[in-house]
Amino acid sequence: MKIKKGIPLIDQHDKNFMYGGKFGGNFIPETLKKPIDDLTKLFHKLRNDKGFLKERDYYFENYVGAPTPFIKLDNLTKHLKGAQIYAKVVSEANGGAHKIYNATVHCLLARRSGKKFVIGDTGAGYAGKMLSMAAKKFGLKCKIFMGAKDIKRQQPNVKAIKKNGAEVVPVYSGSQTLVDAVSECMRYWVANCNHAHMAVGSTVGPSIFVRICGWSTSQISRELKSQIIDEFGSMPKKIKLYNCVGGGSSSFGFWNEFMDYNRKQVEFIGVEAGGPTKSKKHAAPLTYGSKIGILHGAAQYVNQNSDGQIEETESISAGLDYPGVSPLHCFLKDVKRARYTAASDEDALEAYKLVTKYENLKPSLEPSHAFSVAIKEARKLSKDTIVIVNSCGDAHKDKDILEKRLGKKYAKFN
Amino acid sequence: MKIKKGIPLIDQHDKNFMYGGKFGGNFIPETLKKPIDDLTKLFHKLRNDKGFLKERDYYFENYVGAPTPFIKLDNLTKHLKGAQIYAKVVSEANGGAHKIYNATVHCLLARRSGKKFVIGDTGAGYAGKMLSMAAKKFGLKCKIFMGAKDIKRQQPNVKAIKKNGAEVVPVYSGSQTLVDAVSECMRYWVANCNHAHMAVGSTVGPSIFVRICGWSTSQISRELKSQIIDEFGSMPKKIKLYNCVGGGSSSFGFWNEFMDYNRKQVEFIGVEAGGPTKSKKHAAPLTYGSKIGILHGAAQYVNQNSDGQIEETESISAGLDYPGVSPLHCFLKDVKRARYTAASDEDALEAYKLVTKYENLKPSLEPSHAFSVAIKEARKLSKDTIVIVNSCGDAHKDKDILEKRLGKKYAKFN
Amino acid sequence: MPNLINLAFKKVKQENRPALLTYTVAGDNSKKKSLEILKSISNYADILELGMPHNALVADGNQIQTSAYRAIKNGIKLKDIFQIVKNFKKSKKQKPIILMGYYNMVYQFGENNFLNICKKVGVDGLILVDLPWPENKNFSYKCKNKGITFVQLLSPTTSVKRIKKILKDSHEMIYYISMLSTTGGKLKISPKAIMNSYNRIKRLCPKKNIVIGFGITDKSINKFKGANGVVIGSQLCKTLTKSIKARQNPVTKLSSIVKKLKGKII
Amino acid sequence: MPNLINLAFKKVKQENRPALLTYTVAGDNSKKKSLEILKSISNYADILELGMPHNALVADGNQIQTSAYRAIKNGIKLKDIFQIVKNFKKSKKQKPIILMGYYNMVYQFGENNFLNICKKVGVDGLILVDLPWPENKNFSYKCKNKGITFVQLLSPTTSVKRIKKILKDSHEMIYYISMLSTTGGKLKISPKAIMNSYNRIKRLCPKKNIVIGFGITDKSINKFKGANGVVIGSQLCKTLTKSIKARQNPVTKLSSIVKKLKGKII
Ligand SMILES: Cc1ncc(COP(=O)(O)O)c(C=O)c1O
Ligand SMILES: Cc1ncc(COP(=O)(O)O)c(C=O)c1O
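The model shown is predicted, which means the values in this text are computed figures rather than measured ones.

Chemist: Talk me through the interface of chain A and chain B; I want residue IDs and the actual numbers.
Modeler: If you look at the interface, chain A gives 26 residues, while chain B gives 25 residues. Both faces considered, chain A and chain B share a buried interface measuring about 2200 Å² in area, 42% of it formed by carbon and sulfur atoms. For the pair chain A and chain B, the number of links is two salt bridges. The residue B:Lys264 makes a salt bridge to A:Asp334 at a minimum N-O spacing of 3.9 Å. Our count for the contact surface shared by chain A and chain B stands at 18 residue pairs in polar contact (both at pLDDT 80 or more). Elements represented by at least two residues in the side of chain A that touches chain B include exactly β10 (266–275) and α14 (365–378) of chain A. Taken together, the residues of the side of chain A that touches chain B sort by class into four nonpolar, eight polar and 14 charged.

The structure is reproduced here in structure tokens:
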């Protein structure tokens, strides 16, 4: 099992759409074979169509707002006295997170396919917010599936979805979080695939959704690469790219363009959600050695019991609170191109405190997980090491949690 | 670069005694070529000599006290509600740590070589204590080199060395810790190699010392393997072996017999010393991506600046406070057979508190680093996972530090 | 050993009626009860589908989800499901049982392991909702070798070209999904339109036994008499849920509704 | 370009005396001072060894350790060392300079990189204390290609068989370590015994220039007149340390002791 150079990672699957013969695939009900097949053909055609690429680039620039800023965190660097710390402030994208790339592309695809109705899942609420935004922009009807627990804890995003005119369907089954929202969305699609276009909110689900999402978020690393060269004149000798990993769309997009660099030059560090320190539960299948299983149509490392039942997760961060993880990341783990570790709820909160103390930046709880590990490691690294964190979400959506856990002082937004 | 099955790892070097073509070797002054060559020949002969092996086994059993206990930590397991936690209580060996294996073998070798005088380095003081003990037993003169800072913080062991009739030579150069003690010991050997036998206290230094030490401490995993089979009837499906890593002798010995198992069945986790959370300094070259360099005669990952000067380390644990690490571990890291991470000073102290609260076991600060990571991960693992920590040292030597950092309550020993 | 599923179809053909297939969830609402249910409804049903409950099911509607979650909550495990089949077969040796579920449970258990135990306890057929063609080729082949019928699914979205390929690799029983829906949805199209599509497929392989399922209840079952078999699932799960709420005995409730269903097709 | 080291030996042979080699540490006690020292002692010394200070040195005694730590503390870097050589050569083009140090500094800098810059700034030879034969074969070959003399070391522990192998691969200058000691130790054996061993080696390769070092001071230097060269190191480092303590100018102090040493061998 090896990464091939010069070929996009999303295309390194076999004829069954499996990566490394083990991850991904299409484990789906027969009914979905055809709509997935149609979408696959459409995507394949459009990604090789100059007109479509122009359209994508146009909307990334004028609607999403590319490129998002790449900034040095001077005070934090000074405070930690280790590596040079930078942030790619993806949360400056329209809507406040990286989920806008995938959402925009899906709406463009839906439009080309002639469908007038898009559906999608959401955890932190960003995927839903962005899909509803883009749907509104492109004149599509929209329905968002969201776990009841997430609806409670991510109210600002829920309000935004509704304001965009989309319907929010609360999901009460299971743990009432992202995993159930995705299941419910897929079920809805099974029954409505003839007129609805489905968007999966991350690099998970049946193969085509993994690929569309990874292709869309890769915009982040395309921008970053030229920003790095602008900043340093050439590629520095030692770069470390830290990113939180829920389904894996933000991290994959943050890394993709750097895939062919030697891992000693550009290292990828994925940070999963370790959950509360004192709890057995977590959302970190790559870190805690979960076994391979099938979830939402794809083989992946997933938290499950010996009977194959999916286990409940627990994380302060709704966006990371998912028992599985992208097949792309499973592959990156097994070929050891990326390193995965976890930060606990408490770690993320501490990191949030430190970042906001030193910098004019308010990362949401998801990227706060990445900051936690970056901060811990940066202290020990030499000053010629470049640490870059993807600040892929804004804390405004987390204000209730921040207020409850850290006090009013940390929950002021204007 | 790959591990070959069925061949002891210590023998998987090339003709220049390098592992994977990159680690180890003999970067030594010309003067030492001959004594090292003599020792290499002697060791090669004796490790294939049944009489010598019998002698070794006799002393391991009757002098060191093999096998050391393998116990279940029931209360800790219940408290953490995750994996099953066990300890291999190597600190029950004569002298209180794994360093006795290497010390005993070196004294047996010195005796066979006809030398009446042994010298050695020490950090935590155990390597020195054990060498002086074994020297006394076998009627050899003994001199121990120890950093002035370590002499201060590990008084119980310093007293033991002196009580065994050995001379303690304080080293005032550099950081006044283990790295300087090893340098000074090697310098002394350069000037006295015709009558002194040198023992290096861990799996570091010129190649022959790496091999002798690894060969000696492997006794730990030989015992453990049959103890595991006694306990479980057969090899469990998921075992995780946690061990602190300074030079790497304890961890290597703890893992060696399990080398050929698939890493998914028997995982090795090495825990380096991360130093104080707020300090830039650390003793974790494998964790924080140090570059390859030459230290004490061997190529290895080592903390250094861009000019090749060795960097000062900082750790609460004298035994882990070393800027380099065994070539064997560098190799295990690069072929990814083992995973390495770090625990901070504070992490180790917390783990010490938790272990002593729940169990009748007082691991020294070195294994407390390993416990820290084991505890954090065990919480998240399923109950069919077997976590085993090598409790390779006893906290008595750390009583001053424990009292100062945690209060009198944690520094009672009887 | 004769193939009990084929025998069942042979028998109903002689009686000039479709086979009645029931779907209930193993362990719902307890191990003991689900065994009793199987025993009692087998007096009327020709083939018994037994659901292996899973908690990330992507093709089942509300009724079956409720049953599955209830069974899992009550502690049902794969090994209990095998026990249920084994105990059932002790008294009803000739009645065919088909296990139906999601691939992950088989995957975790190990395909070979799973099939060996199926064989041992007397499972006659298998339906894996999320292991479509061609992903299922290898597993289907293993089933064949064990004499276990692997039941492929066809859907209104399946193209003729694909249908032909699936039929070529299929065993003697096939499951046609009546409409675009999860299980338990309302019939969105007329039984007549469904039977039209059914007959189009039937013509492609007149010798295989094709059953129809999804959305069929006692209200519509008589419209599907022309099929080789009819599956009733969600209605049974719903009946069970209701009987629990009303503190009635689910065994008698299910038994009587299956009896009623049977009455409509003879 | 002629080989300045060989030229130096040719010259002293004509004068019928050994070459005087000095060893001082670059950057001790500052960049500027160490350059001045080199310039002034080069009036008497034939070949200048310039130490690249390292902080994990395993073959050097107290005096040189002290100098090395002092230089590192004062911020000396490899690039400063090259600068010193370059500046020295501006005024003393013909005086050969040998850099001496530990392999890790070369390794970190990159062997090729290191040699290129050596060539550019005018380094004539290299001694790497911890890169013995055969580990040094490849690097020694690279030096040869650049016209830089790679100086191998021989020790009292080196067997005759090994000596022959080393000589075969050696360039025209060789360094014989007088006794089992780090640098700066007291002479543990008589100069006569040392010269006996020396001559035994000399007979194996009469054409190469073999210098003696370790433990030699102004007290004993005259006993080594029969060698091709004599190295004085620790005594110079010690003198520098003393002059700092006494707040005297190290340049004049070192200059005068080297002058004195030279006086003893002519
Ligand atoms: C801000 C933010 N970051 C990260 C994630 C994690 O998802 P992924 O790993 O797919 O980027 C989410 C998901 O909702 C998110 O909202
Ligand atoms: C108790 C104990 N554990 C661990 C170590 C670390 O050394 P090594 O990694 O060689 O086992 C030491 C070293 O002194 C020690 O005393």
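Next comes the rest of the account.
Chemist: Please provide a residue-by-residue account of the relation of the copies chain A and chain B, values included.
Modeler: For the pair chain A and chain B, the best superposition has an RMSD of 0.0 Å and corresponds to a rotation of 180° with a translation of 0.0 Å parallel to the axis. Viewed as a symmetry operation, the transformation between the two copies matches a two-fold axis. Within chain A, A:Lys336 has its C-alpha nearest the rotation axis, a separation of 4.2 Å.

Chemist: Lay out the domain arrangement of chain A in plain terms, naming residues and giving numbers.
Modeler: All names here are of chain A. One can read the domain layout of chain A as domain 1 (27–61 + 99–214) and domain 2 (65–96 + 218–411). Placing the centre of domain 1 and that of domain 2 at their C-alpha centroids yields a distance of 23 Å. Taken together, the contact between domain 1 and domain 2 spans 37 residues of the former and 44 residues of the latter. Taken over both partners, the interface formed by domain 1 and domain 2 buries close to 3000 Å², and the fraction arising from carbon and sulfur atoms is 59%. Of all residues in domain 1, Phe27, Tyr101 and Arg153 bury the most surface against domain 2, accounting for 20% of the area lost on that side. On the surface where domain 1 and domain 2 come into contact, there are one salt bridge. With a closest N to O distance of 2.8 Å, aspartate 321 and arginine 153 form a salt bridge.

Chemist: Give a detailed account of the site of ligand 1, specifying residues and quantitative values.
Modeler: Residue and element names in this part refer to chain A. Near ligand 1, the surroundings consist of 18 residues, among which Ser202, Gly246, Gly248, Ser249 and Ser250 are the closest. With respect to ligand 1, the side chain of lysine 99 contributes an N or O atom lying 3.3 Å from an oxygen atom. In the environment of ligand 1, an oxygen atom lies 2.8 Å from a nitrogen or oxygen atom belonging to the backbone of serine 250. In the complex, the protein chains occlude 98% of the 390 Å² of accessible area that ligand 1 would expose alone. By residue class, the composition of the shell around ligand 1 is six nonpolar, 10 polar and two charged. When residues of the shell around ligand 1 are sorted by domain, at least three fall in each of domain 1 (27–61 + 99–214) and domain 2 (65–96 + 218–411).

Chemist: Tell me about the interface of chain C and chain A, residues and numbers included.
Modeler: Frequently, the measure chosen for interface size is the accessible area removed from exposure when the parts meet. Taken together, the contacts link 38 residues of chain C with 32 residues of chain A. Applying the counting criterion to the chain C and chain A interface returns two salt bridges. A:Glu30 is paired through a salt bridge with C:Arg162; the nearest N and O atoms lie 2.7 Å apart. For the pair chain C and chain A, the number of links is 18 residue pairs in polar contact (both at pLDDT 80 or more). Those elements that provide at least two residues to the side of chain C that touches chain A are α3 (62–73), α5 (103–109), β6 (152–154) and α8 (160–169) of chain C. The biggest single contributor to the side of chain C that touches chain A is α5(C), with five residues. Here the side of chain C that touches chain A is built from residues that sort into 22 nonpolar, 10 polar and six charged.

Chemist: Give a detailed account of the site of ligand 2, specifying residues and quantitative values.
Modeler: Residues and elements named next belong to chain B. Near ligand 2, the surroundings consist of 18 residues, among which Ser202, Gly246, Gly248, Ser249 and Ser250 are the closest. The separation between an oxygen atom of ligand 2 and a polar side-chain atom of histidine 98 is 2.9 Å. Residue serine 249 places a side-chain N or O atom 2.8 Å away from an oxygen atom belonging to ligand 2. In isolation ligand 2 offers 380 Å² of accessible surface; the protein chains occlude 98% of this area.

Chemist: For the sheet that holds β6(C), give the residues involved together with the corresponding values.
Modeler: Residue and element names in this part refer to chain C. Here we have nine strands laid out as an open sheet, ordered β5-β4-β3-β2-β1-β9-β8-β7-β6, and parallel in their pairing. Edge positions in the open sheet fall to β5 (149–150) and β6, since each of these has one partner strand only. Of the strand pairs in this sheet, strand β1 (residues 19–25) and strand β9 (residues 229–232) are connected by four bridges, and their pairing is parallel. Of the residues in β9, the one forming a bridge with leucine 21 is valine 231. The strands touched by helix α9 (residues 191–204) within the sheet are β6, β7 (173–177) and β8 (209–213), with β8 carrying the most contacts at an inclination of about 160°.

Chemist: I'd like a rundown of the packing of helix α4 (residues 99–113) of chain A against helix α9 (residues 207–217) of chain A, residues and numbers included.
Modeler: Any two packed helices are characterised by how steeply their axes cross, that is the angle between the axes, and by the distance between the axes. All names here are of chain A. Running from N to C, α4 and α9 cross one another at 120°; their axes reach a closest spacing of 8 Å. Between α4 and α9, the angle is such that the two are oblique. Between α4 and α9 lies a crossing of right-handed hand. On α9, the residues that touch Tyr101, Asn102, Val105, His106 and Leu109 of α4 are Phe209, Ile212, Cys213, Trp215, Ser216 and Thr217.

Chemist: For the state of the cysteines, give the residues involved together with the corresponding values.
Modeler: Under the counting rule described, the total for this entry stands at zero disulfides over all chains. B:Cys142 takes part in no disulfide bond, and the closest cysteine sulfur to it belongs to B:Cys107, at a distance of 7.1 Å. Left unpaired, D:Cys143 is separated from the closest cysteine sulfur, that of D:Cys118, by 7.9 Å.

Chemist: Can you tell me about the packing of aromatic side chains, naming the residues and giving the values?
Modeler: Applying the stated criterion to the full structure yields 46 aromatic pairs over all chains. Taking 5.8 Å as the distance between ring centres and 85° as the angle between the ring planes, the aromatic pair formed by D:Phe139 and D:Phe150 counts as edge-to-face. Taken as a pair, D:Phe139 in helix α7 (residues 137–146) and D:Phe150 in strand β5 (residues 149–150) lie far apart in primary sequence, 11 residues in all. Each of the two residues, D:Phe139 as well as D:Phe150, counts as buried. Through pairs of rings, three or more aromatic residues link up here, namely A:Tyr58, A:Tyr59, A:Tyr63 and A:Phe138. Between A:Arg337 and the ring centre of A:Phe268, over which it is positioned, the NZ or CZ distance is 3.9 Å.

Chemist: Tell me about the side chain of A:Arg56, residues and numbers included.
Modeler: Residues and elements named next belong to chain A. Tracing the sequence through the fold places arginine 56 in helix α2 (residues 50–64). At a separation of 3.1 Å, a polar atom in the side chain of arginine 56 contacts the side chain of aspartate 57. Not counting the four nearest positions on each side in its chain, arginine 56 is found in contact with Val105, Leu108, Trp215 and Arg222.

Chemist: Tell me about unusual backbone geometry, and name the residues and values.
Modeler: Each neighbour pair has its own omega, and for C:Trp133 with C:Pro134 the value is 5°, a cis peptide bond. Topologically, C:Pro134 is positioned in the loop between β4 (125–128) and α7 (137–146). Cis geometry marks the peptide bond from D:Asp28 to D:Asn29, where omega comes out at -5°. Positionally, D:Asn29 belongs in the loop between β1 (19–25) and α2 (31–41). Notably, A:His296 is not glycine yet its phi reads approximately 50°, a positive angle.

Definitions and cut-offs
- Residues numbered from 1 in each chain as written.
- Chains lettered and ligands numbered in written order.
- Predicted model: local features only at pLDDT ≥ 70, side-chain atom pairs only at ≥ 80, totals over all residues.
- Heavy atoms only, no water.
- Contact = heavy atoms within 4.5 Å.
- Buried area = accessible area lost by both parts, 1.4 Å probe.
- Salt bridge = Lys/Arg side-chain N within 4 Å of Asp/Glu carboxyl O.
- Polar contact = N/O pair within 3.5 Å; in protein donor to acceptor, adjacent residues only side chain to side chain.
- Helix = DSSP H or I, 4+ residues; strand = E, 2+ residues; numbered from the N terminus.
- Nonpolar A, V, L, I, M, F, W, Y, C, P; charged D, E, K, R; others polar.
- Least-squares fit on C-alpha atoms with pLDDT ≥ 70 in both.
- Domains from an automatic or database assignment.
- Near = heavy atom within 4 Å.
- Areas by Shrake-Rupley, 256 points an atom, 1.4 Å probe, with all protein chains shown as cover.
- Pairing = 2+ DSSP bridges.
- Axes fitted to C-alpha atoms, helices over the stretch in contact; angles between N-to-C directions.
- Parallel < 35°, antiparallel > 145°, perpendicular 65-115°, else oblique.
- Left-handed = near helix turned anticlockwise from the far one by under 90°.
- Disulfide = S-S within 2.5 Å.
- Phe/Tyr/Trp six-rings, centres within 6.5 Å; stacked < 30°, edge-to-face > 60°.
- Buried < 20%, exposed > 50% of the residue type's maximum accessible area, 1.4 Å probe, protein only.
- Lys NZ or Arg CZ within 6 Å of the ring centre and 35° of its normal.

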